[in-house]
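Chain by chain, the residues run as shown.
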Amino acid sequence: MANLKDFSTSLVATAPSPATSGTSLVVTAGEGIYLPVVPFYATAHPAFELPTLSNSEKVLVTAKSTDTLTIVRARGDTTAKSIAV
């Protein structure tokens, strides 16, 4: 279970481009170290909102380089959403 970490969370510092189909994003500087070992699933949702199927997207993180994540979009029962800073 190496791909799990308690309380791992971060904000998006640089959003994917384009926002609904880009496959790379950058989290807050210095916080990539707190994320699990790849591969792992993550939930992208608007800041200050609880994640729901209508406002969130499950992504598969396949690579991590410092604070830059490579993602596969729309995993599980989710659809691609616009991911913003």
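Counting of residues starts from 1 at the beginning of each chain's written sequence and follows it residue by residue. pLDDT decides what is reported in this predicted model: residues at 70 or higher carry local features, side-chain atom pairs at 80 or more are listed and counted, and totals for whole chains, interfaces and linings draw on all residues regardless. To get the side-chain values, all heavy atoms of the structure are used, and hydrogens and water are removed first.

**Notes on the overall build of the protein**
Applicable threshold: The helix count covers DSSP runs of H or I at least four residues long, the strand count covers runs of E at least two residues long, and both are numbered beginning at the N terminus. Note that the radius of gyration is over C-alpha atoms, with the globule rule given as 2.2 Å times the number of residues to the power 0.38. When checking whether two residues touch, look at their non-hydrogen atoms; a contact exists if any pair is within 4.5 Å. All accessibility values rest on the Shrake-Rupley procedure with a 1.4 Å probe; residue burial counts only the protein chains present in the view. For the purpose of charge, His is not counted, nor are the chain termini; Lys and Arg are scored as positive and Asp and Glu as negative. For the purpose of locating charges, the reference atoms are NZ of Lys, CZ of Arg, CG of Asp and CD of Glu.
Regarding its fold elements, the protein presents zero helices and five strands. What you see in the protein, going N to C, is helices and strands ordered as β-β-β-β-β. For 85 residues, the compact-globule formula gives about 12 Å, and the C-alpha radius of gyration of the protein, at 12 Å, lands near that figure. For the C-alpha atoms alone, the extent of the protein along its principal axes is close to 30 × 25 × 25 Å. Of all intrachain contacts in the protein linking residues separated by at least 6 positions in sequence, the fraction that spans at least 24 positions is 50%. Total accessible area computed for the protein in this model is approximately 5,500 Å², and 61% of it derives from carbon and sulfur atoms. The averaged location of the 6 negative side-chain charges in the protein is 7 Å from the averaged location of its 6 positive side-chain charges.

**As for the sheet that holds strand 1 (residues 12–14)**
For sheets, the rule is that strands pair by backbone hydrogen bonds, running either parallel or antiparallel. The line we're drawing: Pairing between two strands requires that DSSP report at least two bridges joining them. Here, axes are lines fitted to C-alpha atoms. For helices the fit covers the stretch in contact, and angles between N-to-C directions go from 0 to 180 degrees.
What the five strands build is an open sheet, ordered 1-2-5-4-3; its pairing is antiparallel. With one partner strand each, in any of the chains shown, strand 1 and strand 3 (40–44) form the two edges of the open sheet. The sheet shows a mean angle of 50 degrees between the axes of neighbouring strands, direction not considered. Relative to strand 4 (residues 57–65), strand 3 runs antiparallel, the two sharing five bridges.

**Here we look at the pattern of salt bridges**
The criterion, for reference: Take a side-chain nitrogen of Lys or Arg and a carboxyl oxygen of Asp or Glu: if they are within 4 Å of each other, that pair is a salt bridge. Classification of residues uses two cut-offs on accessible area relative to the type maximum, computed with a 1.4 Å probe and protein chains only: under 20% is buried, over 50% is exposed, and between them is partly exposed.
Throughout the structure, instances matching the rule amount to one salt bridge. Ionic pairing is found between R73 and E57, a salt bridge with its closest N-O pair at 2.8 Å. Taken together, the residues R73 in the segment after strand 5 (68–72) and E57 in strand 4 connect sequence positions 16 residues apart. Just as R73 is buried, E57 falls in that class too.

**Some remarks on unusual backbone geometry**
Excluding glycine, most residues fall at negative phi; most peptide bonds, likewise, are trans. A cis amide bond links S17 with the next residue in sequence, P18, at an omega value of -5 degrees. The topology assignment puts P18 in the loop between strand 1 and strand 2 (24–27). Cis peptide bonds are those with omega within 30 degrees of zero, and the linkage from V38 to P39 qualifies with -5 degrees. When you line up the elements, P39 lands in the loop between strand 2 and strand 3. If you check the backbone angles, F48 has positive phi at about 70 degrees while not being a glycine. Within the secondary structure layout, F48 lies in the loop between strand 3 and strand 4.

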